[in-house]
Amino acid sequence: MARPALKTLATGPRETKDEFIRLCSSGRLKDALRHPFRDVLWSDASLFSHVFRACRAIPLLRQIHAFAATSGAARDRFTANNLLLAYADLGDLPTARNLFERIRKRNVMSWNILIGGYIKTADLESARKLFDEMPTRNVATWNAMVAGLTNVGLDEDSLGFFLAMRREGMHPDEFGLGSVFRCCAGLADVVSGRQVHAYVVRCGMDTDMCVGNSLAHMYMRCGRLAEGEAVLQALPSLTVVSFNTTIAGRTQHGDSEGALEYFSMMRGVGLAADVVTFVSVITCCSDLAALAQGQQVHAQVIKAGVDKVVPVITSLVHMYSRCGCLGDSERVYSGYCGSDLFLLSAMISACGFHGQGHKAVELFKQMMNGGAEPNEVTFLALLYACSHSGLKDQGLEFFELMTKTYGLQPSVKHYTCIVDLLGRSGCLEEAEALILSMPVRADGIIWKTLLSACKTQKNFDMAERIAERVIEFDPQDSAPYVLLSNIRATSKRWGDVSELRKNMRVKNVRKEPGVSWVELKGQVHQFCTGDKSHLRQGEIVAYLEEMMAKIRQCGYEPDMSMVFHDMEDEEKEVSLTHHSEKLAIAFAFLSLPEGVPIRVMKNLRVCDDCHVAIKLISQVTGREIVVRDVSRFHHFRDGKCSCGDYW
């Protein structure tokens, strides 16, 4: 019996046609292509579009393509466009281009589909060439180019396309405007963003949810938090995306506490957090070193069922590490069965931050044995771990592996780790020669690293020379002045110290005060040297004096060289006793239950005297004390520190 002629309207029962569409939509292609549904397909060429959309593999699509060509359906432009879209979505651009060339009466949709396929595969050159050849374009064409350029970071080109679109008299829709705002955000171009904002208001699209959220994101990325929040408040309602925009904006600009307040507000109005929310909120807890809050968010992550999502796991590893809980970082990491490079880099970084350089090296070797290929981020974490654990030879080997075996170009951060390695090992001239010969431009941080090494190695003549270079980069940065002042004070050059401090006052350079803090029941308690404002100050000082008396019996002697002021020894001893980290530790002993580890955060480097004292305090009390300073964690247990006195 001959096949029925192909028609444009279905001749079979409506129910059969609906069932055919349902089977295609649910991915059940085999069932859809069986009798009696096959007859429905033969009767209506437009139904091939549902089959094409259901194809998830190139070989199957080619079979269906052959079937459509045999039946004559492929000659229909609507069907041909849907077939073209299927090939483009699956990434087979050569076949898509060949099919495009054979469509006799191409319309704008035909061109847009192929342009979209090229953009999806990041072949912007082919997309641009096709765009230039188009006889006519519509809003979707321009949107595709603007979005494609924005997605690959070509924000200036994207903005140029948007302006050309307006000159052509085209009016962008909400999707095009969303791409333009993302483009302005990438450029941090708030001026252009405001101009587009004015256009949005004139068009009456400022209350559109998609446009409003993108606009708020642009203001947030440009540091205009108030303007971004004002845009969101003007929207008809706040969605998860709206809250995510605010939380991420505040997080990126250092307002972690404000971000956590918005997270609480979000939960209060009954909106469920998603992966984006959790990553931002966990980052806030990390920045604040707020362990209790971080643990609560972790519990919510598990309840939401996203505890196996890699970005969330990576954030948790980082958060627990920054809060001093390397063991918890390891437990979170071990719960993941894959081999994600960014997660592995985060775990290597965590080990390095806690002075566990050998663990970091072992993780890296496991990654290599597993066939994963490290990138610049992985090597930076590894070199940092080596520099903070005294693994000079291994660090230099890894640097050579990075540059020669993998052909990766080191950044100034990679070189800073090597300078730190060499400087801590006493190779100061070699470290300076590396800075002067490296192919990337030096910054103030790398010279500051060398200056710190000069102080550690007591090479005061070199320190004077290096300090001048550091000050050139940022005359208002107090760190080089303080380091140089301390170096001169160590040599008892009090006149030079006074001159330097006078110079700081003239230039209005202010020294950052040392601050230590402890989290207790969700509240942060801060301590500064000489500050007597804490409500329990009397108890703290009394307990601290009692503790200092105990460690003196174990051999503690105040290190007067750590007082960089010209004063009597008795005054120096009192000053050392009241360093901020000692006050914070005393408060923690008074406030925390017996046996609970004490965790103290500090904004500056732990001084030598405090380091010795805390080791002895951990010995006489049997208590674990964890101190995070500006560059790493110190885990004090039984009179020893995890850094091995190498920091």
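Rules of the game
Residues numbered from 1 in each chain as written. Predicted model: local features only at pLDDT ≥ 70, side-chain atom pairs only at ≥ 80, totals over all residues. Heavy atoms only, no water. Helix = DSSP H or I, 4+ residues; strand = E, 2+ residues; numbered from the N terminus. Buried < 20%, exposed > 50% of the residue type's maximum accessible area, 1.4 Å probe, protein only. Contact = heavy atoms within 4.5 Å. Lys, Arg positive; Asp, Glu negative; His and termini not counted. Charge placed at Lys NZ, Arg CZ, Asp CG, Glu CD. Core = buried A, V, L, I, M, F, W, Y, C linked by side-chain atoms within 4.5 Å. Salt bridge = Lys/Arg side-chain N within 4 Å of Asp/Glu carboxyl O. Polar contact = N/O pair within 3.5 Å; in protein donor to acceptor, adjacent residues only side chain to side chain. Arc of directions from axis to C-beta. Expected span 1.5 Å × (residues − 1). Pairing = 2+ DSSP bridges. Right-handed = clockwise from strand over helix to strand, strands pointing away. Axes fitted to C-alpha atoms, helices over the stretch in contact; angles between N-to-C directions. Parallel < 35°, antiparallel > 145°, perpendicular 65-115°, else oblique. Left-handed = near helix turned anticlockwise from the far one by under 90°. Nonpolar A, V, L, I, M, F, W, Y, C, P; charged D, E, K, R; others polar. Phe/Tyr/Trp six-rings, centres within 6.5 Å; stacked < 30°, edge-to-face > 60°.

**Q** What am I meant to see in the overall build of the protein chain here?
**A** Along the backbone of the protein chain there are 35 helices and 6 strands. Reported as C-alpha extents along the three principal axes, the dimensions of the protein chain are approximately 110 × 55 × 50 Å. Looking at the protein chain residue by residue over its 647 residues, the buried ones come to 50%. In the protein chain, the share of contacts with a sequence separation of at least 24, taken over all contacts with a separation of at least 6, comes to 63%. Across the protein chain, 73 positive and 75 negative side-chain charges occur, with their mean positions spaced 7 Å apart.

**Q** What is the right way to read the nonpolar core from this model?
**A** It is characteristic of soluble globular proteins that their nonpolar side chains tend to be buried jointly. Counting residues in hydrophobic clusters, the biggest one holds 87 residues, and the most contacted among them are Ile446 and Leu450. It is helix H22 (residues 341-353) that provides the largest number of residues to this core, a total of 8 residues. With residues up to four places along the chain from it excluded, the contact list for Ile446 reads Val412, Tyr415, Thr416, Val419, Ile435 and Met438. Within the second largest apolar cluster, 67 residues are counted, among which are Leu93, Tyr118, Phe161 and Leu215.

**Q** How should the side chain of Arg632 be read in this particular structure?
**A** Positionally, Arg632 belongs in the loop between strand S4 (625-628) and strand S5 (633-637). One buried charge, Arg632, has no salt-bridge partner; the nearest side chain with opposite charge is Asp629, at 6.0 Å. In this structure the side chain of Arg632 is engaged in a polar contact, spanning 2.7 Å, whose partner is the backbone oxygen of His388.

**Q** Help me understand helix H9 (residues 124-133) in this model?
**A** Turn by turn, an α-helix covers 3.6 residues, leaving residues three or four places apart pointing in a common direction. By the burial criterion, the buried members of H9 are Leu124, Ala127, Leu130 and Phe131. Burial along H9 is one-sided: seen end-on, the buried residues are contained in an arc of 125°. Facing away from the buried side of H9 by over 90 degrees, the exposed positions are Glu125 and Lys129. Looking at the packing, one finds that the buried side of H9 touches helix H7 (93-102), helix H8 (108-120), helix H10 (139-151) and helix H11 (155-167).

**Q** Teacher, can you tell me more about helix H20 (residues 310-322) here?
**A** With 13 residues, H20 should cover 18 Å at 1.5 Å per step; its first-to-last C-alpha distance of 18 Å lies within 8% of that length. Burial runs high along H20: 10 of the 13 residues are buried. Listed in full, the buried residues belonging to H20 are Val310, Val312, Ile313, Thr314, Ser315, Leu316, Val317, Met319, Tyr320 and Ser321. Elements that come into contact with the buried residues of H20 comprise helix H18 (275-288), helix H19 (291-304), helix H21 (326-334), H22 and S5.

**Q** Quick question: what am I supposed to make of the pairing of strand S3 (residues 598-602) here?
**A** Each regular strand displays side chains that alternate between the two surfaces of the sheet. Burial analysis of S3 places 4 of its 5 residues in the buried class, which makes it a mostly covered element. In this sheet, S3 lies alongside strand S1 (residues 515-520) in antiparallel orientation, the contact comprising 2 bridges. Bridge pairing in S3 links Trp517 to Met601. Judged from the 4 bridges that link them, S3 and S4 form a sheet pairing that is parallel. Along S4, the bridge assignment pairs Met601 with Arg628. Read from S3 through helix H35 (residues 608-621) to S4, the crossover connection turns out right-handed.

**Q** Just checking my understanding: could you explain the pattern of salt bridges for this structure?
**A** Between side chains of opposite charge, a pair can form as their charged atoms come close. Using the criterion set out here, one finds 23 salt bridges in the structure. The closest approach of N and O atoms between Arg62 and Asp92, which form a salt bridge, is 2.9 Å. Of this pair, Arg62 sits in helix H5 (residues 58-71) while Asp92 sits in the loop between helix H6 (77-89) and H7, and the two are 30 residues apart along the sequence. One connected set of salt bridges, linked through shared partners, spans Glu464, Arg488, Arg493 and Asp496.

**Q** I'm lost on the environment of Asn81 in this one. Help?
**A** Considering the arrangement of structural elements, one finds Asn81 in helix H6. The class for Asn81 is buried, based on a relative accessible area of 6%. When the C-alpha atoms of Asn81 and Ser49 are compared, they prove to be 8.7 Å apart, with 32 residues separating the residues in sequence. The residues contacting Asn81, other than those within four sequence positions of it, are Ile103, Asn107, Met109, Ser110 and Ile113.

**Q** For this particular structure, what's the right way to read the environment of Leu83?
**A** Here Leu83 is to be found in helix H6. On the accessibility criterion, Leu83 (1% relative accessible area) is buried. On a C-alpha basis, the gap between Leu83 and Arg623 in space is 69 Å, while along the polypeptide they are 540 residues apart.

**Q** Would you mind going over the packing of helix H28 (residues 444-456) against helix H29 (residues 460-473) with me for this structure?
**A** The angle between the axes and the distance between the axes are what describe a pair of packed helices. The geometry of H28 relative to H29 is characterised by a closest axis approach of 9 Å and an angle of 160° between their N-to-C directions. The orientation of H28 with respect to H29, classified from their angle, is roughly antiparallel. In this structure, H28 meets H29 at a crossing whose hand is left-handed. Contacts between H28 and H29 involve Gly444, Trp447, Lys448, Leu450, Leu451, Cys454 and Lys455 on the former and, on the latter, Phe460, Met462, Ala463, Ile466, Ala467, Arg469, Val470 and Phe473. Residue composition of the contact of H28 with H29, by class: 11 nonpolar, 1 polar and 3 charged.

**Q** How should I be thinking about the packing of aromatic side chains in this particular structure?
**A** A full pass over the atoms with the stated rule returns 11 aromatic pairs. Ring centres of Phe364 and Phe379 lie 5.5 Å apart, and the angle between their planes is 55°; on these two criteria the pair is classed as tilted. In this pair, Phe364 is assigned in helix H23 (residues 357-369) and Phe379 in helix H24 (residues 376-387), connecting sequence segments 15 residues apart. Judged by relative accessible area, which is 1%, Phe364 ranks as buried.

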